[in-house]
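Structural overview for review
Here are the chains, one letter per residue:
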Amino acid sequence: MSMAEKVVNFGIGEVYAQIEQFIKNRSNRSKATAEKYKRGIELFFRIVKRKQIRHLTLNDVQLTFGDFEIFINEIKETKEFSNSTINGHITAVSELLKYFKVKELVNDIDFIQYLKEIRLPVEENWYDPLTVEEIKEFADWTLNNEKRMGDIKYHFIRFSLETCLRLDEVMSLKWDDFNVEGEYVSFIVKTKNNNYRKLKIKRGHYNDLLQLKEKYKSDKVFKIGSTTMHDVLNRWKDYRGDFGNRYIVIHSIRKGGALHHYNKTKDILHVQKILGHSDVSTTRIYLRVDDYGAIGAISDEYENNYDLFEDDSISKEDLLNTLREMDSGFKVAFNEKLKNIIKKIN
C-alpha cells in the first residue's frame, strides 16, 4: 500500500493508538521518560498542527524541518520553558518519527539529522548535582539491577565521577588512549572543543576497568550508547523517587565530582583545571559559587569562637556527634588533615 493510500485509509484514532504504543514501549525503559515524551509530543502537535494527539491523522504526522522551526519559535515566545525542556520535546517528537518510519507510517525523515542545528543552547550550570554518596549508590544499584551490561554501566558511572568528564568524552575513550605510569595510569581525551587533555587515575582503578576489556573484547572502554545511560539514570530515578525539584541528568555526575573537589580544596582554579574550563568565571557559575570574598579578621571576631573544642565541658562523644552532623565537604577536608597526621606518625 502506498503512503497516499495509507493516508486515505488510516482512520482518526489509529495514529493516536500508534502514539500510545510508542509511549508504552518507552515506559518499559523508564516511566519518567515516557511521561516527558508524551507531554512533549502533545505540546508539539498542539502548537504545530493545532490539534490534540487523539485527533491526528496520518497526514498530520508527515512532518518537515520547518515544523520544528515553527515549534521552537512559538514556544520560545511563551517564555514558559527552559531551553533544556524545549530540546527534550524536540527529542521526543524525533524519536516518535523514527518509530513511525519503522512502522512505515511516514516518508522522508532524513531531516532529523539536521535538527541539532536548531536545538537551543543549554548552560551546564542549569543542572543540579548529585552528591558523591548518591552517585556511588547509583552505581551500586546499576550493578545489582541492570541485567544487561550492568558492569559496564557501573564502571561508567564511577569513572565519570572520578574524572568529571562529559558523557561524550567518556564514551569516546579507547584502551589505546591509556598509558601505565607506575602508580598512576594516564590517558588522553578529546574535549568538546576539539582540544586534547591528559588526565590520570589510580592504577587500582584502571585494573578494575580491565575486567571490561577482558570480558567484552572491544577497543572501546565503555561499549555502550549515551541513550542507554540516560535510560539507566531514569530507571534509577523511578526507583528512588525522592529528588523533589532537583533536575538530575547524567551531567549531574560531572557536577557532583566537581563539587567534591571544590569541597576538598576550596580551590576554584583547581576545579577549573579538572573541568577543562577556559574561563574561571564559567567554573564559578557551574559550581554556583558567589565571589563575595571572605569576611575580614575583625568581623570574624564577632561571629566565631575558635576555642570551643577545648572547652572541658564538651565530651569526646559530643565532638564526634558534631563531626557526624557536618556536611560532606567539611568531612572531606577533616579527613585530609587526619591523613597528614597519620603519615607523620608512621
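Further up the page is the structure itself.
I will try to describe carefully the structure that is included in this document.

What counts and what doesn't
- Residues numbered from 1 in each chain as written.
- Predicted model: local features only at pLDDT ≥ 70, side-chain atom pairs only at ≥ 80, totals over all residues.
- Heavy atoms only, no water.
- Salt bridge = Lys/Arg side-chain N within 4 Å of Asp/Glu carboxyl O.
- Helix = DSSP H or I, 4+ residues; strand = E, 2+ residues; numbered from the N terminus.
- Buried < 20%, exposed > 50% of the residue type's maximum accessible area, 1.4 Å probe, protein only.
- Core = buried A, V, L, I, M, F, W, Y, C linked by side-chain atoms within 4.5 Å.
- Contact = heavy atoms within 4.5 Å.
- Expected span 1.5 Å × (residues − 1).

Below, the discussion takes up the pattern of salt bridges. Enumeration over the complete set of coordinates arrives at 16 salt bridges. Measuring nitrogen to oxygen at the nearest pair gives 2.8 Å for the salt bridge that ties R240 to E137. Remark: E137 occurs in helix 6 (residues 132-145) and R240 occurs in helix 10 (residues 226-240); sequence separation between them is 103 residues. Overall, E137 belongs to the partly exposed group, its relative accessible area being 30%. The salt bridge partner of K202 is E183, with a shortest N-O separation of 2.5 Å. A residue pair is termed long-range when its members are at least 10 positions apart, and K202 in strand 3 (residues 196-202) and E183 in the loop between strand 1 (178-181) and strand 2 (184-190) qualify at 19 residues. Residue K202 is classed as partly exposed on the basis of its relative accessible area, which comes to 40%.

Moving on, we get to the nonpolar core. Nonpolar side chains tend to gather and get buried jointly when the protein is soluble and globular. Ranked by internal contacts, the top residues of the largest apolar core, which has 39 residues, are F159, F178, F187, I201, F222, M229 and I253. Of all elements in the fold, only helix 6, helix 7 (150-163), helix 8 (167-171), strand 2, strand 3, helix 9 (203-216) and helix 10 reach the threshold of two or more residues within this core. Considering each element in turn, this core owes the most residues, 6 residues, to helix 7. Excluding its chain neighbours within four sequence positions, the residues that come into contact with F159 are L165, V170, L173, F178, F187, I201, H205, L209 and F222. Of all hydrophobic cores here, the second largest spans 38 residues; its members include V15, L96, F111 and L115.

Residue placement: H155 occurs in helix 7. As for H155 and A139, which are separated by 16 residues in sequence, their C-alpha atoms are 7.5 Å apart. If we skip the residues at most four places from it in the chain, H155 touches D208, L209, L212 and F222.

We now examine helix 6. For an α-helix, 3.6 residues make a turn, and residues three or four places apart therefore share a direction. Between the first and last C-alpha of helix 6 there are 20 Å, a value that for 14 residues agrees with the 20 Å anticipated at 1.5 Å per step. Along helix 6, the residues that are buried comprise V132, E134, I135, F138, A139, W141 and T142. Buried-residue contacts for helix 6 involve helix 7, helix 10 and helix 11 (251-265).

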